[in-house]
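Observations on the model geometry
If you want the building blocks of each chain, they are given just below.
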Amino acid sequence: MSDKQCVKCGQTVDEAKAFCPYCSHSFEVEREGSASEFELTHNTATFTKSFFNEVLSDMELNISEAPDPPVRPDTGPDRSAPANVLKWGATLGVLLLLALIVVILFVILR
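None of the values given here were measured: they were computed from a predicted structure. (Residues numbered from 1 in each chain as written. Predicted model: local features only at pLDDT ≥ 70, side-chain atom pairs only at ≥ 80, totals over all residues. Heavy atoms only, no water.)

**Quick notes on a nonpolar patch on the surface**
Note the threshold: Within the patch definition used here, like charges are joined within 9 Å and nonpolar side chains (Val, Leu, Ile, Met, Phe, Trp, Tyr) within 5 Å, considering only residues with over 30% relative accessible area and no salt bridge. Areas reported as accessible are Shrake-Rupley estimates using a 1.4 Å probe. Residue values count occlusion only from the protein chains shown. A pair is scored as a salt bridge if a Lys or Arg side-chain nitrogen falls within 4 Å of a carboxyl oxygen belonging to Asp or Glu. The cut-offs for exposure are 20% and 50% of the maximum accessible area for each residue type, with area from a 1.4 Å probe on protein chains only; residues under the lower value are buried, those over the upper are exposed, and the others partly exposed.
On the surface, Val-94, Leu-95, Leu-97, Leu-98, Leu-100, Ile-101, Ile-104, Leu-105, Ile-108 and Leu-109 cluster together to form a nonpolar patch covering roughly 1000 Å² of accessible area. Using a relative accessible area of 42% as the deciding quantity, one classes Ile-101 as partly exposed.

See below:
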């Protein structure tokens with residue numbers, strides 16, 4: 001095997017290498033022009049837009065329309081949870097205060 005010199009960094013590199021291991025310079029010359037449509041797609045499966053539309057219609061889907069928004073279940077009268085929590089908390093606080101007053105009076109009057 002013969003060696004060649006990298007034009008970018010000047011290091012001697014094996015001729016079989018595609019890139020210089022020292023500076024990563026490419027030794028391959030890029031091909032001018034574009035690849036044919038066959039070269040780009042000959043190993044791939046291609047589907048037309050009509051095929052996708054047919055598959056979507058079989059699944060009863062249509063991507064041209066926006067989906068319906070999700071339906072939220074109605075939670076009924078409990079919808080204002082923070083207000084209910086405050087109301088119940090205040091009621092419980094008043095009951096505890098009354099119970100404490102009763103206990104204090106019971107201890108004092110005994």
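**Thoughts on unusual backbone geometry**
Our working rule: Secondary structure is summarised from DSSP: a helix means a run of H or I of at least four residues, a strand means a run of E of at least two, and numbering begins at the N terminus for each.
Positive phi values are uncommon outside glycine, yet Ser-24 reaches one of about 65°. On the secondary structure map, Ser-24 appears in the loop between strand E2 (12–14) and helix H1 (37–41). What makes Ser-24 exposed here is its relative accessible area of 55%.

**Structural notes on the confidence of the model for the protein chain**
For clarity, the threshold we go by: Each residue carries a pLDDT score, the predictor's confidence in it, ranging from 0 to 100.
Averaged over every residue, the pLDDT of the protein chain is 78; the share at 70 or more is 67%. Within the protein chain, H1 has the poorest average pLDDT of any element, 66, and E2 the best, 90.

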